[in-house]
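So you can see what is in the structure, the chains are spelled out below.
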Amino acid sequence: MSELQAIQRQLKIKSAAAKRLSKEHNLYRKEAEDQKRKLDKLIADGVAPDEWDVKNATRMLAEGERMIEDSATRAGKAAGDLRDLIVSIKTKEEFQEDPELLNAESVLEEVSV
């Protein structure tokens, strides 16, 4: 495998990883919002705080918040790795109009927002 192919492969892998981890992070945030609404509804309905439903909803919300932190860390690391790779190859002439590089840059813009 030539250096060009190896770098294109790394761009493709890192782009896909950054995109997947960003999507995962957004799903965890949505899930935590849903859990928060569920817990608020239970409390508004007058369910006692020591009942299993409230304790479980609280536990699920805490777990969701931990997953948000974890996924944000992993997504940030993946985006940083992709950014570093893009910066390192941007100066090489053979990559100026490479479709994998252009795709990686657009993915980086998506996940950085």
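Below you will find a few notes about this structure. What you see is a predicted model, and the numbers here were worked out from it, not measured in a lab. (Residues numbered from 1 in each chain as written. Predicted model: local features only at pLDDT ≥ 70, side-chain atom pairs only at ≥ 80, totals over all residues. Heavy atoms only, no water.)

1. Quick word on the pattern of salt bridges
By the definition in use, this model includes ten salt bridges. A salt bridge links K92 to E3; the shortest N-O distance between them is 3.2 Å. Here the residue K92 occupies a position in the loop between α2 (52-89) and α3 (99-112), and E3 occupies one in helix α1 (residues 3-44), the gap between them amounting to 89 residues. Given the relative accessible area of 52%, E3 is considered exposed. (Salt bridge = Lys/Arg side-chain N within 4 Å of Asp/Glu carboxyl O. Helix = DSSP H or I, 4+ residues; strand = E, 2+ residues; numbered from the N terminus. Buried < 20%, exposed > 50% of the residue type's maximum accessible area, 1.4 Å probe, protein only.)

2. Remarks on the environment of V107
Turning to its location among the elements, V107 is positioned in helix α3. Judged by its relative accessible area of 3%, V107 falls in the buried class. Measuring from C-alpha to C-alpha, the distance between V107 and V47 comes to 45 Å, with 60 residues separating the pair along the chain. Here V107 is in contact with S15, A18, K19 and L82, once residues within four sequence places are set aside. (Contact = heavy atoms within 4.5 Å.)

3. Concerning α3
Between its first and last C-alpha atoms α3 spans 20 Å; for 14 residues at 1.5 Å apiece the expected length is 20 Å, and the two agree. Turning to α3, its buried residues are L101, A104, E105, V107, L108 and V111. Angular distribution of buried residues about the axis of α3 spans 165°; they occupy a single face of the element. Residues P99 and E109 are exposed on α3 and point more than 90 degrees away from its buried face. Buried residues along α3 sit in contact with α1 and α2. The residue sitting at the N-terminus of α3 and contributing the capping side-chain oxygen is D98; that oxygen lies 3.1 Å from the backbone nitrogen of E100. (Expected span 1.5 Å × (residues − 1). Arc of directions from axis to C-beta. Polar contact = N/O pair within 3.5 Å; in protein donor to acceptor, adjacent residues only side chain to side chain.)

4. Brief notes about the nonpolar core
By size, the foremost hydrophobic cluster in this structure holds 17 residues, and its most contacted members are L11, L82, I86 and I89. Broken down by element, the residue count for this core peaks at seven residues, all from α2. Filtering out sequence-adjacent residues up to four positions away, L11 remains in contact with L82, L85, I86, I89, E100, L101 and A104. By size, the runner-up hydrophobic cluster in this structure holds five residues, among which are L39, V54, A57 and L61. (Core = buried A, V, L, I, M, F, W, Y, C linked by side-chain atoms within 4.5 Å.)

By themselves, these are just geometric observations and shouldn't be taken as functional.
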